[in-house]
Amino acid sequence: MEIIKKRNPDIFLSLSLRFAKEYFGQLCDVRKKYGEDGIQESKELTIHHRALWTALIVEIRKLFGVSFKKYKNYSLLEIDFFKVKPYKKIINSVYGNRVIQKILKTSNTFTIHLGKNKEEIFPVDKICDSDLKKILEQLQKPIDAFEKSSRS
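Residues numbered from 1 in each chain as written. Predicted model: local features only at pLDDT ≥ 70, side-chain atom pairs only at ≥ 80, totals over all residues. Heavy atoms only, no water.

### So, the overall build of the protein
Tallying secondary structure elements over the protein gives 7 helices and 0 strands in all. Listed by position from the N terminus, the elements making up the protein come as α-α-α-α-α-α-α. Residues counted as buried form 41% of the 152 residues belonging to the protein. Counting only contacts in the protein whose residues sit at least 6 apart along the sequence, the fraction spanning at least 24 positions is 70%. (Helix = DSSP H or I, 4+ residues; strand = E, 2+ residues; numbered from the N terminus. Buried < 20%, exposed > 50% of the residue type's maximum accessible area, 1.4 Å probe, protein only. Contact = heavy atoms within 4.5 Å.)

### Things to note about the packing of helix α1 (residues 9–41) against helix α7 (residues 140–151)
For any two helices packed against each other, the geometry comes down to the angle between their axes and how far apart the axes lie. Following both chains from N to C, one finds α1 and α7 inclined at 155°, their axes separated by 9 Å at the closest point. Comparing the axis directions of α1 and α7 gives the class roughly antiparallel. Note that α1 runs across α7; the crossing there is left-handed. Between α1, through P9, D10, L13, S14, L17 and K21, and α7, the contact on the second element is made entirely by Q140, I143, F146, E147 and S150. Split into classes, the residues belonging to the contact of α1 with α7 amount to 5 nonpolar, 3 polar and 3 charged. (Axes fitted to C-alpha atoms, helices over the stretch in contact; angles between N-to-C directions. Parallel < 35°, antiparallel > 145°, perpendicular 65-115°, else oblique. Left-handed = near helix turned anticlockwise from the far one by under 90°. Nonpolar A, V, L, I, M, F, W, Y, C, P; charged D, E, K, R; others polar.)

### Some points on the pattern of salt bridges
For the coordinates displayed, the defined rule picks out 5 salt bridges. Note that R18 and E22 form a salt bridge whose closest N and O atoms lie 3.1 Å from each other. Of this pair, R18 and E22 both sit in helix α1, separated by 4 residues, roughly a single helical turn. Residue classification places R18 among the partly exposed positions, given a relative accessible area of 43%. By relative accessible area, which is 34% here, E22 ends up partly exposed. (Salt bridge = Lys/Arg side-chain N within 4 Å of Asp/Glu carboxyl O.)

Structure representation (structure tokens):
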């Protein structure tokens with residue numbers, strides 16, 4: 001018999017959001033500091049750059065349950081707390097954002113190379129030039145409120 005240990009979604013979501021923001025910041029810092037050519041000239045920078053890019057995509061997928069169809073209870077879209085006012089509007093707005101949708105739509109193609117559709121990868125320069133930081137910040141209040149309600 002398999003023993004299943006459930007992870008606590010308030011901790012899971014909080015960490016995914018924190019890591020997504022950190023990876024985004026570091027990814028864009030590397031891009032800004034070294035540029036595309038500088039990154040491509042260094043094996044170590046290429047690996048670091050790719051790891052940050054992949055990690056960012058994975059954390060965004062985790063927030064919206066894309067990676068965990070079997071574990072929908074961890075998704076901002078599936079947890080009942082986020083399905084009511086005032087958080088439903090925020091979550092739906094972030095999820096529907098073109099940047100988030102582009103990352104989610106192309107994530108299989110980029111991260112695990114299993115995308116059925118040959119979607120163009122969402123490049124780092126476009127990610128860094130986007131308002132992703134601001135978009136992710138919108139999730140902080142709902143996730144903090146969820147974490148606080150889970151402790152009560």
